[in-house]
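# Survey of secondary and tertiary structure
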Amino acid sequence: MQAATFWRTVTMDHADLLERALQVLAEAGARYCVIDGQAVNAYAEPVVSLDLDLALARGEIERIGPMFGPPIRIERFQHSVNLSAPNSDLRIQLQIDPRYHDFPARAEVREVLGHQLPVASLEDVLRGKVWAALDPSRRASKRQKDLADIARLLEGHPELRELLPQSILQLLIE
């Protein structure tokens, strides 16, 4: 089974939310990149997730936000804009935290969910995971997942170890 078909099946994306969102981004010439779990999957052994997190360059959400019309629902939060659709368990989060604004400029095209998409650089993926793992406002279970993602990255890219803060190294079980 191809990756895109598998993911559509897992997310029960009968609304084609992924395809619609990618089409809007492409038509707008949006500057974005894949981050978080799916970006880790692009560099390490993949795991299944219902989420697709994207970092947008500065000003992009204001420019492209109105292009996401029905049936796509938009929900705004402090650091993200979340896209959803009826008949889809897929969750697309557009990260607008300013710390991520430069990630798209360093992105490289990699395969994600059966699509060739811009993915944050390996170092940026790690940086985002460190920020998430150290964020005390995140649920403990989410921070544990972030640590597991960091461990997955280290398994395939041990040279990243030198980029990790000591506090993260102490939390990793090796």
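Preceding block: the structure.
What you are looking at is a predicted structure, and each value in this text was computed from that prediction instead of being measured.

As a further point, take the overall build of the protein chain. Each helix and strand in the protein chain was counted, giving seven helices and seven strands. For the protein chain, the α and β elements follow one another from N to C terminus as α-α-β-α-β-α-β-β-β-β-β-α-α-α. For the protein chain, the C-alpha radius of gyration of 16 Å lies close to 16 Å, the compact-globule estimate for 174 residues. Over its C-alpha atoms, taken along the principal directions, the protein chain stretches across nearly 45 × 40 × 30 Å.

Before going further, it helps to spend a moment on the nonpolar core. Phe68, Ile92, Leu94, Ile150 and Leu164 are the most contacted members of the largest nonpolar core, which has 53 residues in total. With seven residues, helix H2 (residues 17-28) is the single largest residue contributor to this core. In this structure, Leu94 is in contact with Leu54, Leu56, Ile61, Phe68, His79, Ser80, Val81 and Leu83, ignoring residues within four places of it in sequence.

Enumeration according to the criterion identifies three aromatic pairs in this entry. Seen in terms of ring centroids, Phe103 and Trp131 are 5.8 Å apart; in terms of plane orientation they differ by 25°. Their pairing is stacked. Of the two residues, Phe103 is situated in the loop between strand E5 (91-95) and strand E6 (108-112) and Trp131 in helix H5 (residues 122-133); the sequence distance between them amounts to 28 residues. According to the relative accessible area criterion, Phe103 is buried, its value standing at 1%. Note on Trp131: relative accessible area 23%, which makes it partly exposed. Grouping aromatic residues by their ring pairs yields a cluster made of Tyr100, Phe103 and Trp131. Sitting over the face of the ring of Trp131, Arg99 holds its NZ or CZ atom 4.6 Å from the ring centroid.

The rules behind the values
Residues numbered from 1 in each chain as written. Predicted model: local features only at pLDDT ≥ 70, side-chain atom pairs only at ≥ 80, totals over all residues. Heavy atoms only, no water. Helix = DSSP H or I, 4+ residues; strand = E, 2+ residues; numbered from the N terminus. Rg over C-alpha atoms; globule rule 2.2 N^0.38 Å. Core = buried A, V, L, I, M, F, W, Y, C linked by side-chain atoms within 4.5 Å. Buried < 20%, exposed > 50% of the residue type's maximum accessible area, 1.4 Å probe, protein only. Contact = heavy atoms within 4.5 Å. Phe/Tyr/Trp six-rings, centres within 6.5 Å; stacked < 30°, edge-to-face > 60°. Lys NZ or Arg CZ within 6 Å of the ring centre and 35° of its normal.

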